[in-house]
Amino acid sequence: MKLITAYIKPHLLDRTREALLSTGATGITITEIKGFGRQLGHTELYRGAEYAVDFLPKIKMEVICKDEQQQDFIKAIIDTNKADKIGAGKITITHLEEVIRIRTGETDNEAV
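Residues numbered from 1 in each chain as written. Predicted model: local features only at pLDDT ≥ 70, side-chain atom pairs only at ≥ 80, totals over all residues. Heavy atoms only, no water.

Named according to an unreviewed UniProt entry, the protein is Nitrogen regulatory protein P-II 1 originating from Cysteiniphilum litorale.

## Some thoughts on the overall build of the protein
Inclusion rule: Counting from the N terminus, the helices are the DSSP runs of H or I reaching at least four residues and the strands are the DSSP runs of E reaching at least two. Atoms counted for the radius of gyration: C-alpha only. Globule rule: 2.2 Å times the number of residues to the power 0.38. The classification of residues rests on relative accessible area computed with a 1.4 Å probe and restricted to protein chains. Under 20% of the type maximum is buried, over 50% is exposed, and intermediate values are partly exposed. Any two residues having at least one pair of non-hydrogen atoms within 4.5 Å are treated as being in contact. Note on areas: Shrake-Rupley, 1.4 Å probe, and residue coverage restricted to the protein chains presented here. Counting rule for charge: Lys and Arg are taken as positive, Asp and Glu as negative, and neither His nor the chain ends is counted. Working definition for charges: the position is that of NZ of Lys, CZ of Arg, CG of Asp or CD of Glu.
Counting secondary structure elements, the protein contains two helices and six strands. Listing each helix as α and each strand as β along the protein from the N terminus yields β-α-β-β-β-β-α-β. For 112 residues, the compact-globule estimate of 2.2 N^0.38 gives 13 Å, and the C-alpha radius of gyration of the protein, at 17 Å, exceeds that figure by more than 25%. Taking the principal axes of its C-alpha atoms as reference, the protein extends roughly 60 × 25 × 20 Å. Relative to its full complement of 112 residues, the protein shows a buried share of 32%. Counting contacts in the protein only where the partners sit at least 6 residues apart, residues at least 24 apart contribute 70% of the total. Taken as a whole, the protein presents about 7,800 Å² of accessible surface, with 50% of it coming from carbon and sulfur. Across the protein, the 16 positively charged side chains and the 17 negatively charged ones have centroids separated by 7 Å.

## A look at the environment of I93
By secondary structure assignment, the location of I93 is in strand β6 (residues 90–95). Its relative accessible area of 39% is what places I93 among the partly exposed residues. Here the alpha-carbon distance between I93 and A83, two residues ten residues apart in the chain, equals 21 Å. If we skip the residues at most four places from it in the chain, I93 touches K2, L3, I4, Q70 and I74.

## Some thoughts on the sheet that holds strand β2 (residues 29–35)
Put simply, the rule is: Being paired, for any two strands, means DSSP has found at least two bridges between them. Fitting a line to C-alpha atoms yields each axis, with helices limited to the stretch in contact; the angle taken between N-to-C directions then spans 0 to 180 degrees.
The antiparallel open sheet is built from four strands, whose spatial order is β2-β5-β1-β6. The open sheet has two free edges, formed respectively by β2 and β6, since each of these has just one partner strand. Going across the sheet, the axis of each strand differs from the next one's by a mean of 20°, ignoring polarity. Pairing of strand β1 (residues 2–8) with β6 involves six bridges; the strand directions are antiparallel. Residue pairing across strands places A6 opposite I91, the latter belonging to β6. This element, helix α1 (residues 13–23), spans β1, β2 and β5 (56–65) of the sheet and lies at about 10° to β5. Of the strands in this sheet, β1, β5 and β6 are in contact with helix α2 (residues 70–81), which crosses β1 at around 5°.

## Focus on the layout of surface pockets
This is how the line gets drawn: The rule is simple: put a 1 Å grid over the protein atoms alone, call a set of points where a 1.4 Å probe fits but cannot get out a cavity, call an open set with protein on both sides within 12 Å along at least five of seven lines a pocket, and count a residue as lining if it has an atom within 4 Å of a point. Grid points are joined across faces, edges and corners, and a volume is the space filled by probe spheres set on the points. Note on residue classes: Ala, Val, Leu, Ile, Met, Phe, Trp, Tyr, Cys and Pro are nonpolar, Asp, Glu, Lys and Arg are charged, and everything else, Gly too, is polar.
In this structure, the second largest pocket occupies an estimated 190 Å³ of space. What lines the second largest pocket is L3, T26, G27, I28, T29, E62, V63, I64, V99, A111 and V112. Sort the elements by how many residues they give to the lining of the second largest pocket and β5 lands first, with three residues. Of the residues assigned to the lining of the second largest pocket, the class counts are seven nonpolar, three polar and one charged.

Below, the structure is given as structure tokens:
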């Protein structure tokens, strides 16, 4: 089992969610976060004054999947979020040793 974590732009959340659900995701967790990568933030103009925005709004999306679903989920995330501009996001994959559904006590693939 894998934990796929994707850091994406907020405006692409609904499309990414739909893509993952159509690929077979049974649950998704999101967190609203702020951060920066290579773009190092940006500058904005407000009432004639320029100021730096160091941390940009992002969505941290986490989904647990079976090993055989991993590539399908990654492809769905990339296809939905790919952009030619810097700041499109990142995906990390973590191996999960064990997963337990609290309500039923089911473990591993049955818990996903």
